[in-house]
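Here are the chains, one letter per residue:
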Amino acid sequence: MRYFFIYSYVALLGGFGYCTIEMLWRGRTHYSMFFAGAIVLASFYYIASCTRLSFFTRCIAGALIITGIELILGIWFNIILKENVWDYSNMPLNFMGQICLPFSALWFIASGAVFKAFDYLKLSLYAK
């Protein structure tokens, strides 16, 4: 039950955090981004706390997770439901306008920041 609460908290933090970042960056967000942020941060928390992957490998995994979630949610919300949440059609090396290589590279860097934050929090929690 303890893990349910931890992962629920992390997921809520990810959902609200991602929506906040989008509001600051683009001036708007969509409810699907709450789910994307929740899934991504809960996945990152699992990787950070339950695996012994190198930092570089965690960043690659993070970029792949974000890109995969973006593709799945993009197909669902943008193509099937036609809600037009985002469109990467004008970006180089895009796939169906839902994902693109430049943003996947950005997700690699963003993943590194999140994993560094988790490392810092873990060290500060156990330093006492």
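Fair warning: this is a prediction, and the values are worked out from it, not measured in the lab.

*Asks:* Lay out the side chain of Glu-22 in plain terms, naming residues and giving numbers.
*Replies:* Inspection of the secondary structure puts Glu-22 in helix α1 (residues 2-26). If sequence neighbours within four positions are ignored, Glu-22 has contacts with Gly-27, Arg-28, Thr-29, His-30 and Met-33.

*Asks:* Kindly report on the state of the cysteines, identifying the contributing residues and their values.
*Replies:* Simply put, disulfide is the name for a covalent bond between the sulfur atoms of two cysteines. Tallied over the full model, the rule gives zero disulfides. Of all cysteine sulfurs, the one in Cys-100 lies closest to Cys-19, which takes part in no disulfide; the gap is 20 Å. Using a relative accessible area of 14% as the deciding quantity, one classes Cys-19 as buried. Lacking any disulfide linkage, Cys-100 is separated from the closest cysteine sulfur, that of Cys-59, by 18 Å. Its relative accessible area of 3% is what places Cys-100 among the buried residues.

*Asks:* Lay out the environment of Ile-79 in plain terms, naming residues and giving numbers.
*Replies:* If you trace the backbone, Ile-79 turns up in helix α3 (residues 55-80). With 66 residues separating them along the chain, Ile-79 and Leu-13 place their C-alpha atoms 28 Å apart. Beyond its immediate sequence surroundings of up to four residues, Ile-79 is in contact with Gly-74, Met-96 and Gln-98.

*Asks:* Quick rundown of the packing of α1 against helix α2 (residues 31-50)? Include the residues and the values.
*Replies:* The contact between α1 and α2 brings their axes to 7 Å, and the two run at 130 degrees. One element, α1, and the other, α2, form an angle in the oblique class. Considering the relative orientation of α1 and α2, their crossing is right-handed. Residue-level inspection shows Ile-6, Tyr-7, Val-10, Ala-11, Leu-12, Leu-13, Gly-14, Gly-15, Phe-16, Tyr-18, Cys-19 and Glu-22 of α1 in contact with α2, the latter providing Met-33, Phe-34, Gly-37, Ala-38, Leu-41, Ala-42, Tyr-45, Tyr-46, Ser-49 and Cys-50. Classifying every residue of the contact of α1 with α2 gives 17 nonpolar, four polar and one charged.

*Asks:* A description of the pattern of salt bridges should follow, citing residues and the corresponding values.
*Replies:* Within this structure, the stated rule accounts for two salt bridges. Salt-bridge contacts for Glu-22 lead to Arg-26; the nearest nitrogen and oxygen are separated by 3.4 Å. Taken together, the residues span about one helical turn, with Glu-22 and Arg-26 both in helix α1 at a distance of four residues. Exposure remark for Glu-22: the relative accessible area of 7% places this residue in the buried category. Residue Arg-58 pairs with Asp-119 through a salt bridge whose shortest N-O separation is 3.0 Å.

*Asks:* Describe the nonpolar core, and please don't skip the residues or the numbers.
*Replies:* If you look at the biggest cluster of nonpolar residues, it comprises 22 residues, and the most contacted ones within it are Phe-44, Leu-73, Trp-86, Phe-115 and Phe-118. Sorting the residues of this core by element identifies α1, α2, α3 and α4 (101-126) as the ones contributing at least two each. The element best represented in this core is α2, accounting for seven residues. Aside from chain neighbours lying at most four places away, what touches Phe-115 is Phe-44, Ile-47, Ala-48, Phe-55, Arg-58, Cys-59 and Gly-62.

Rules and cut-offs
Residues numbered from 1 in each chain as written. Predicted model: local features only at pLDDT ≥ 70, side-chain atom pairs only at ≥ 80, totals over all residues. Heavy atoms only, no water. Helix = DSSP H or I, 4+ residues; strand = E, 2+ residues; numbered from the N terminus. Contact = heavy atoms within 4.5 Å. Disulfide = S-S within 2.5 Å. Buried < 20%, exposed > 50% of the residue type's maximum accessible area, 1.4 Å probe, protein only. Axes fitted to C-alpha atoms, helices over the stretch in contact; angles between N-to-C directions. Parallel < 35°, antiparallel > 145°, perpendicular 65-115°, else oblique. Left-handed = near helix turned anticlockwise from the far one by under 90°. Nonpolar A, V, L, I, M, F, W, Y, C, P; charged D, E, K, R; others polar. Salt bridge = Lys/Arg side-chain N within 4 Å of Asp/Glu carboxyl O. Core = buried A, V, L, I, M, F, W, Y, C linked by side-chain atoms within 4.5 Å.

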